[in-house]
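Each chain, letter by letter, is given below.
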Amino acid sequence: MGNNFKMVAKTLFGFEEILAKELRNLGASNVIEGTRNVAFEGDTGFMYKANLCLRTAIKIIKPINSFQVRDEKDLYRKIYRMDWTEYLSIEDTFAIDSTVNSEEFTHSLYVSQKTKDAIVDKFRETDGDRPNVDVKHPDLRINIHIHNNTCNVSLDSSGSSLHHRGYRISTNIAPINEVLAAGLLLLSGWDGQCDFLDPMCGSGTMLTEAAMIACNIPANINRKGFAFEKWPDFDEQLYEKIVDSSLKKTREFHHQITGFDKAPSAIRKAQENIENANLDEYITLKRENFFKTKKQNEKLLHMCFNPPYGERLDRSDLDSDFDVEEFYSDIGDTLKQSYPGTNAWFITSNLQALKFVGLRPSRKIKVFNSHLESRLVQYVMYEGSKKAKYNKEA
């Protein structure tokens, strides 16, 4: 299609394949996986849809220029040469985010400064006045990426990171990032076709993302806005059409989504966030210590969770003698003794502690939780013993 253009969706390490799958399912063309990003093509309506619907994207950027740069003077000259009036007026505000991976350019802030200088100098030259910089709420966010001597200039269509879904108003000290939660759920194969349990639910992010996947609700439907809404060519009618069309694709969910936490403060916060996302009809919260619970029925159960560390809970909600080895051992014992017929997944950055679970993981997937290298691990708990299962199949 003639009105298609290239875009890049940024993501977290390990999510490139599932983001590429999401993009194809939405209708993107020429999808190419990179490292922490996926390139694709689509039209303006698709750019709106990608921001609204993608669960594992952090940003959607639209490249507008690419050139070779020798040094800072060359960068200034080539940015100055661009026609910025297509994207900005002197009444608008702008901000620049730079990423550098180059021997010549070593400081991203300096690159941002030179880019800013070139843009404002160009406006002064042609209009006698200049647009102002607004780092927090700009009308236009410009993305500069320099790799070796190649400079890519893009417009950031998202604004604040797409993990800011808009539903989370109450959090614990270290809540899981919404994009990370959605990615872990998709990696675990969660598709809404059985019951779901987060046994250590914290402020309810995993539960909320699980319900949105199950019901095919657009990931960012609760967001206050996107950067593209401030662009001069923003088509509000087209955007509303995209929103309506995406909401028509939601589906019914016929199973149970349940969250446990033993901390009353966590249950309170999770309830607020789930209500804010308008998902309280799908999710049941219970104040429970997972280690004292049992599976409630014989149906298949999908479990996905982020085991808490001491700093994630109020001191009053913590056992004073928290022991990480005992904690992981209790996870293994509870799964083995009380949760047959369960597909259990959890993320941990404490790779040593996994030994104390006492079960062999079926899968280990390398991911990052913020800057911490982590593993998403799977434990398949068969109905009855594993041996009995194989005998039955034979």
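Everything numeric in this text was worked out from a predicted model, so none of it was measured.

Chemist: How should a negative patch on the surface be read in this particular structure?
Modeler: The grouping of Asp 83, Glu 86, Glu 229, Asp 233, Asp 235, Glu 236, Glu 240 and Asp 244 at the surface amounts to a negative patch. Relative to the assigned elements, Glu 240 resides in helix H7 (residues 236-247).

Chemist: Help me understand the nonpolar core, please; the structure alone is not making it clear to me.
Modeler: Here is a general trend for soluble globular proteins: nonpolar side chains tend to be buried in one another's company. Of all hydrophobic cores here, the largest spans 50 residues; its most connected members are Leu 23, Ile 79 and Ile 142. Here this core takes six residues from helix H2 (residues 44-53), the largest share from any one element. When sequence neighbours within four positions are dropped, the list of residues in contact with Ile 79 reads Phe 67, Trp 84, Thr 115, Ala 118, Ile 119, Ile 144 and Val 153. Val 179, Leu 187, Ala 214 and Cys 215 belong to the second-largest nonpolar core, a separate cluster that totals 41 residues.

Chemist: Help me out: how do you make sense of helix H3 (residues 72-81) in this one?
Modeler: Count 3.6 residues to each turn of an α-helix, and residues three or four apart come out pointing the same way. By the burial criterion, the buried members of H3 are Asp 74, Leu 75, Lys 78 and Ile 79. One face of H3 carries all of its buried residues, which in axial projection span an arc of 125 degrees. In H3, the exposed positions that point more than 90 degrees away from the buried face belong to Lys 73 and Arg 81. In the core, the buried residues of H3 are packed alongside strand S4 (59-68), helix H4 (108-127), strand S7 (140-147) and strand S8 (150-156). Two or three places before Lys 73, at the start of H3, stands the capping residue Asp 71, its side-chain oxygen 3.2 Å from that residue's backbone nitrogen.

Chemist: What am I meant to see in the packing of H2 against H7 here?
Modeler: Between two packed helices, both the angle of their axes relative to each other and the distance between the axes serve to describe the pair. For the pair H2 and H7, the least separation of the axes is 10 Å and the interaxial angle reads 50 degrees. With respect to H7, the element H2 is oriented oblique. H7 is crossed by H2, and the crossing has right-handed handedness. In this structure, H2 uses Thr 44, Gly 45, Tyr 48, Lys 49, Leu 52 and Cys 53 to contact H7, whose residues at the interface are Leu 238, Tyr 239, Ile 242, Val 243 and Ser 246. Tallied by class, residues from the contact of H2 with H7 come to seven nonpolar, three polar and one charged.

Rules of the game
Residues numbered from 1 in each chain as written. Predicted model: local features only at pLDDT ≥ 70, side-chain atom pairs only at ≥ 80, totals over all residues. Heavy atoms only, no water. Patch = residues over 30% accessible without salt bridge, like charges linked within 9 Å, V, L, I, M, F, W, Y side chains within 5 Å. Areas by Shrake-Rupley, 256 points an atom, 1.4 Å probe, with all protein chains shown as cover. Salt bridge = Lys/Arg side-chain N within 4 Å of Asp/Glu carboxyl O. Lys, Arg positive; Asp, Glu negative; His and termini not counted. Charge placed at Lys NZ, Arg CZ, Asp CG, Glu CD. Helix = DSSP H or I, 4+ residues; strand = E, 2+ residues; numbered from the N terminus. Core = buried A, V, L, I, M, F, W, Y, C linked by side-chain atoms within 4.5 Å. Buried < 20%, exposed > 50% of the residue type's maximum accessible area, 1.4 Å probe, protein only. Contact = heavy atoms within 4.5 Å. Arc of directions from axis to C-beta. Polar contact = N/O pair within 3.5 Å; in protein donor to acceptor, adjacent residues only side chain to side chain. Axes fitted to C-alpha atoms, helices over the stretch in contact; angles between N-to-C directions. Parallel < 35°, antiparallel > 145°, perpendicular 65-115°, else oblique. Left-handed = near helix turned anticlockwise from the far one by under 90°. Nonpolar A, V, L, I, M, F, W, Y, C, P; charged D, E, K, R; others polar.

Read these as geometric descriptors, not functional statements.
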